[in-house]
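Observations on chain architecture
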Amino acid sequence: MLASASETLTPGQLVAAAPFILQLLAIAVLPLLSRTQHWWEHNRNKLMLGAALALLALATFYMRADGGRGAAAVGHVLHHALIDEYLPFMTLLASLYVIAGGIVVRGNIRPNPPANTCILAVGGLLASLIGTTGASMVLIRLLLRVNRERTHVAHTVVFFIFIVSNIGGTLLPIGDPPLFLGFLRGVPFFWTLSLLPQWLVMMIALLAIYYVWDTRVEKRETPAEKFAEEHKRFEPLRVFGLINVVWLLGVVAAVALLAPDKPVPGTAWSPPPHLREAVQVGLALASLATTPRGLRRENEFSYHAISEVAALFIGIFITMQAPLEMLHSLAPRLSELGFTHPWQYFWSSGVLSSLLDNAPTYLVFFETANQLTHQSGPGIIRLVTGDYIREDLLAAISCGAVFMGANTYIGNGPNFMVKAIAERGGVKMPSFFHYMLYAAAVLLPLYILLTALFFLH
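Here we summarise the structure given alongside this text. As the structure is a prediction and not an experimental result, all values here were calculated from the model.

The full count for this structure, using the stated rule, is 20 aromatic pairs. Ring centres of Trp 39 and Trp 40 lie 6.4 Å apart, and the angle between their planes is 35°; this geometry places the pair in the tilted category. Under the relative-accessibility criterion, Trp 40 is labelled buried at 7%. An aromatic cluster of three or more residues is present, and its members are Phe 159, Phe 162, Tyr 210, Trp 213, Tyr 409, Phe 416, Tyr 435 and Tyr 438. Taking the ring centre of Phe 301 as reference, the NZ or CZ of Arg 296 above it sits at 5.2 Å.

Below, the structure is given as structure tokens:
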């Protein structure tokens, strides 16, 4: 199988993937080295390195182009990476980040396992309604504030990334970008509710594991810290800046209704390109104008976290075009290679979503699964576009892309944002590889369980 697959890849494609691999290594290694640690803290340096690797990637596209069409090839890659993918990605993240930054949850509760588990559970539910980014930005500062007196907080933030920034957004297309792309490709809006069993298995297991973990960690807190927790004045939680809920819902509506070149439901009108992004920017500006300044100050709001994501992902989006091209080259051959079982789609889409952006990875496997089915029948979904797709494969692809986006910091946009906010709040977060060890220890057994329960047929 591997030999056959390699025949569809050219040496040029393999060389072109090198800048992306270097980008991942830089993100993983440079923060750990004493000589580069301080240098890596500055977002401009992340941007400079990403730009250099992006230029290297573009050079490989230029050299591989036939007939002197190198400039056209580079222009096509840049337009697709920056205009079609990076711009919508960053506009959505930034608008949700800015709007959610104006929502303040006040109150004092004891930072014990039941309270933290409840926050994670609420975030997991909220993620499907306002997206993983919106839910993460609304709740991460509350979680950090509640646990301010505790020494051991990193594990709580890691589980927050698992649950709120990724797995929670499974039940509706607006919850996570891959599912929204499926909706645009004709998947019925409420089909994702059929993933409730998989979502419940992951949520219940993760919340239970976290509760046990945090209970053990809490026992290691010093007497002084326990005294501070026990004598904290209790105040019920109250939410301020609720006008921003309107702006958040506006962003969700814009994403759902203003897809370019797609008719708005119930009309024959198709929004022009980038109207969706313009509306999102307008809603973010409305949030800045209507939210009392004191609320953002209380939230310790800054643009550092979103700037870090912007600096890192501009290089990622350009350098990952070559690996994605390799996937597209392989896609037509996958069915010939026996790639027809749900577990194969679950693990392939999931592992690649851990390293590549999970939205385009989802599309590659969605299109591959779509090619396997051309007529209706048992277990077949008829897409709004008139095409057909096997429901078991669609479920596997959806769960793989969403769940395994939690495996690395770059698997999903909110992951890095939460990490950056936690570090600005004084939490020493795990390194890139250390975080992957967390994911392997906690999530890998659950993925195996999901495979046995849902995808081995």
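Now that the structure is up, let's keep going.
All right, on to the nonpolar core then. Counting 123 residues, the largest nonpolar core has Tyr 97, Phe 162, Met 202, Leu 206, Phe 313 and Leu 443 as its most contacted members. No other element matches helix α7 (residues 113-146), which puts 14 residues into this core. The residues touching Leu 443, leaving out its near neighbours within four places in the chain, are Phe 162, Ile 167, Met 202, Leu 206, Ala 406, Asn 407 and Tyr 438. Counting residues in hydrophobic clusters, the runner-up holds 9 residues, among them Ala 54, Val 74, Ala 81 and Ala 322.

Before going further, it helps to spend a moment on α7. End to end, α7 covers just 11 Å across 34 residues, shorter than the expected 50 Å (1.5 Å per residue, more than 12% under). For α7, the principal kink sits at Ile 130 and spans about 125°. Measuring from the side-chain oxygen of the N-cap residue of α7 to the backbone nitrogen of Ala 115 gives 3.0 Å; that N-cap residue is Asn 112.

This paragraph deals with the packing of helix α9 (residues 177-184) against helix α18 (residues 358-370). The geometry of α9 relative to α18 is characterised by a closest axis approach of 8 Å and an angle of 45° between their N-to-C directions. The orientation of α9 with respect to α18, classified from their angle, is oblique. Crossing angle aside, the handedness with which α9 passes α18 is right-handed. For the pair α9 and α18, contact is made by Pro 177, Pro 178, Leu 181 and Gly 182 and by Asn 358, Ala 359, Tyr 362 and Leu 363, respectively. Looking at the contact of α9 with α18 residue by residue, the classes come out as 6 nonpolar, 2 polar and no charged.

Moving on, we get to unusual backbone geometry. Despite not being glycine, His 274 shows a phi value in the positive range, around 70°. As for its position among the elements, His 274 is in the loop between α12 (243-257) and α13 (275-290).

What follows is about a nonpolar patch on the surface. Residues Ile 21, Leu 22, Leu 25, Val 29, Leu 32, Leu 33, Leu 56, Phe 433 and Met 436 make up a contiguous nonpolar surface patch of roughly 740 Å² in combined accessible area. Those elements that provide at least two residues to the nonpolar patch are α3 (18-29) and α21 (432-455). Tallying contributions element by element places α3 first for the nonpolar patch, with 4 residues. With respect to the element layout, Leu 22 can be found in helix α3.

The next thing to look at is the packing of helix α8 (residues 154-163) against α21. As a packed pair, α8 and α21 sit with axes 11 Å apart at the nearest point and diverge in direction by 65°. Taken together, the axes of α8 and α21 lie roughly perpendicular to each other. Viewed along their axes, α8 and α21 form a crossing whose handedness is right-handed. Facing α8, whose interface residues are His 155, Val 158, Phe 159, Ile 161 and Phe 162, α21 presents Tyr 435, Tyr 438, Ala 439, Val 442 and Leu 443. Taken together, the residues of the contact of α8 with α21 sort by class into 9 nonpolar, 1 polar and no charged.

What follows concerns helix α20 (residues 413-424). Between its first and last C-alpha, α20 extends 18 Å over 12 residues, near the 16 Å set by a 1.5 Å rise per residue. With 10 of its 12 residues buried, α20 lies for the most part within the structure. Buried within α20 we find Gly 413, Pro 414, Asn 415, Phe 416, Met 417, Val 418, Lys 419, Ala 420, Ile 421 and Ala 422. After α20 finishes, the residue Gly 426 shows a positive phi value of roughly 95°.

Conventions and cut-offs
Residues numbered from 1 in each chain as written. Predicted model: local features only at pLDDT ≥ 70, side-chain atom pairs only at ≥ 80, totals over all residues. Heavy atoms only, no water. Phe/Tyr/Trp six-rings, centres within 6.5 Å; stacked < 30°, edge-to-face > 60°. Buried < 20%, exposed > 50% of the residue type's maximum accessible area, 1.4 Å probe, protein only. Lys NZ or Arg CZ within 6 Å of the ring centre and 35° of its normal. Core = buried A, V, L, I, M, F, W, Y, C linked by side-chain atoms within 4.5 Å. Helix = DSSP H or I, 4+ residues; strand = E, 2+ residues; numbered from the N terminus. Contact = heavy atoms within 4.5 Å. Expected span 1.5 Å × (residues − 1). Bend = angle between axes of the 7 residues up to and from the residue. Polar contact = N/O pair within 3.5 Å; in protein donor to acceptor, adjacent residues only side chain to side chain. Axes fitted to C-alpha atoms, helices over the stretch in contact; angles between N-to-C directions. Parallel < 35°, antiparallel > 145°, perpendicular 65-115°, else oblique. Left-handed = near helix turned anticlockwise from the far one by under 90°. Nonpolar A, V, L, I, M, F, W, Y, C, P; charged D, E, K, R; others polar. Patch = residues over 30% accessible without salt bridge, like charges linked within 9 Å, V, L, I, M, F, W, Y side chains within 5 Å. Areas by Shrake-Rupley, 256 points an atom, 1.4 Å probe, with all protein chains shown as cover. Salt bridge = Lys/Arg side-chain N within 4 Å of Asp/Glu carboxyl O.

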